[in-house]
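Geometric and topological summary
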Amino acid sequence: MSKQIIAFISQLALTEQESWIRQLSEVLPDENIVLADVLTQAQKQQCEIAIVANPDPNVVKQFTHLKWCQSLWAGVDSLLAAFKHSQQVLDDNINFKLSRLIDPQLAQTMSEAVLTWVLYFHRDMHLYQQQQSNAVWHQIDYKLASERTVGILGLGELGQSSALRLIDNGFNVIGWSRNEKHIKGVHCISGEQGLTELAVKSDIVVCLLPLTPGTRSLINENFLQQLAKDTCLINFARGGIINTPDLLNALNNKMLAHAVLDVFDQEPLSSNSPLWQHNNITILPHISAPTHIKSASRIVAGSIKKYRKTGQLPTCVNLNQGY
Ligand code: NAP
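Anyway, here's the lowdown on the structure attached to this text. (Residues numbered from 1 in each chain as written. Predicted model: local features only at pLDDT ≥ 70, side-chain atom pairs only at ≥ 80, totals over all residues. Heavy atoms only, no water.)

Contact geometry for helix α5 (residues 104-122) and helix α7 (residues 157-168): axes closest at 8 Å, N-to-C directions at 50°. Comparing the axis directions of α5 and α7 gives the class oblique. Between α5 and α7 lies a crossing of right-handed hand. In contact with Leu106, Ala107, Gln108, Met110, Ser111, Glu112, Val114, Leu115 and Val118 of α5, α7 contributes Glu157, Leu158, Ser161, Ser162, Arg165 and Leu166. Along the lines of polarity and charge, the residues of the contact of α5 with α7 split into 8 nonpolar, 4 polar and 3 charged. (Axes fitted to C-alpha atoms, helices over the stretch in contact; angles between N-to-C directions. Helix = DSSP H or I, 4+ residues; strand = E, 2+ residues; numbered from the N terminus. Parallel < 35°, antiparallel > 145°, perpendicular 65-115°, else oblique. Left-handed = near helix turned anticlockwise from the far one by under 90°. Contact = heavy atoms within 4.5 Å. Nonpolar A, V, L, I, M, F, W, Y, C, P; charged D, E, K, R; others polar.)

Below, the structure is given as structure tokens:
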């Protein structure tokens with residue numbers, strides 16, 4: 001039986017696309033994974049499945065019989081925004097389902113990054129860094145991890161794994177999500193009141209929400225003014241969840257102590273952004289949880305094999321909710 005074609009639709013550098021195709025082909029020997037550009041119009045119209053990474057929506061549009069689009073990234077906000085921009089409205093009438101990467105390895109990598117920076121703040125490294133720049137020798141009183149509370153915004157794949165890792169390391173954890181969760185050891189909350197409780201009680205706030213119309217600018221003046229002044233903020237989710245002028249204002253007015261930012265509205269962050277120069281901001285170049293090509297390929301292969309065998313798709317993005 002001849003192999004079926006799976007389109008690989010991406011605007012990544014060609015060498016990166018080729019690495020993905022090589023890796024995916026290795027774990028999917030029964031499939032023919034092909035760059036979208038080299039397919040004929042007829043082949044494009046026969047494709048049922050596409051694997052996408054930053055795809056051009058106009059190219060996706062050429063695949064008129066797609067049933068399923070599997071993204072290689074965990075977040076789908078930029079993909080949905082690109083479709084919206086190209087005036088292709090993704091809604092329930094669209095003839096394909098969209099799934100994102102759900103990879104336990106990615107959750108493990110993210111929880112490692114969360115633990116790293118929570119420990120950094122817990123052991124007052126941001127304060128010692130500043131003491132060093134002023135040649136100050138001062139020993140700050142030590143607190144136990146059990147005397148610190150970490151508030152996690154978003155209790156999905158990445159938030160839950162991070163919460164459990166922090167619990168294992170002795171921290172108190174509060175987790176906020178749309179639907180209230182039950183996670184052993186985590187104080188799970190939701191809603192407006194829950195958000196206020198998290199802001200008021202947290203020593204360290206970690207953002208792991210998806211960027212959607214409901215979360216854009218969620219970390220704004222209103223949220224920031226509820227924090228205690230020595231609270232630290234970690235944003236490993238998406239830049240648009242923080243209102244940047246409000247954050248700068250809050251830091252300048254000592255409403256919080258420090259922010260670690262891994263994600264920005266525009267990436268790379270412009271060299272003239274005021275964020276670079278701020279003493280109380282640490283900038284990271286979107287490195288907290290990179291997709292691991294081998295692990296992600298195995299996950300995608302598992303889903304495709306299951307689909308071929310049973311017709312069952314993995315959990316798909318709810319387009320109304322945007323995640
Ligand atoms: P996920 O499994 O979809 O979880 C999202 C969580 O956010 C869920 O708990 C959800 O609540 C909650 N949520 C969504 N909208 C909300 C709202 N309006 N109010 C309250 N809670 C809300 O996502 P994930 O896999 O954990 O990934 C989270 C994000 O991390 C991704 O979207 C991506 O942007 C980012 N990310 C960043 C990196 C990096 O390297 N910096 C790497 C990977 C991913 P429910 O559970 O109630 O639905």
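Here the narrative resumes.
Before going further, it helps to spend a moment on α7. Compared with an ideal rise of 1.5 Å per residue, which puts 12 residues at 16 Å, α7 spans 17 Å between its outermost C-alpha atoms and is within 8% of the ideal. Residues of α7 that are buried include every one of Gly159, Ser161, Ser162, Ala163 and Leu166, and no others. Contacts made by the buried residues of α7 are with α5, β6 (149-153), β7 (172-176) and β8 (186-189). A positive backbone phi angle near 90° is found at glycine 170, which sits one or two residues after α7. (Expected span 1.5 Å × (residues − 1). Buried < 20%, exposed > 50% of the residue type's maximum accessible area, 1.4 Å probe, protein only.)

Moving on to the pairing of strand β3 (residues 49-53). Counted residue by residue, β3 has 5 buried out of 5 residues, so it is predominantly covered. The alternating pattern of β3 places Ile49, Ile51 and Ala53 on one face and Ala50 and Val52 on the opposite face, and all of these are buried. Pairing of strand β1 (residues 4-10) with β3 involves 5 bridges; the strand directions are parallel. Within the sheet, the bridge partner assigned to serine 10 lies in β3 and is alanine 53. One ladder, built from 4 bridges, connects β3 with strand β4 (residues 68-71); its direction is parallel. Pairing of isoleucine 51 across the sheet is with glutamine 70, part of β4. (Pairing = 2+ DSSP bridges.)

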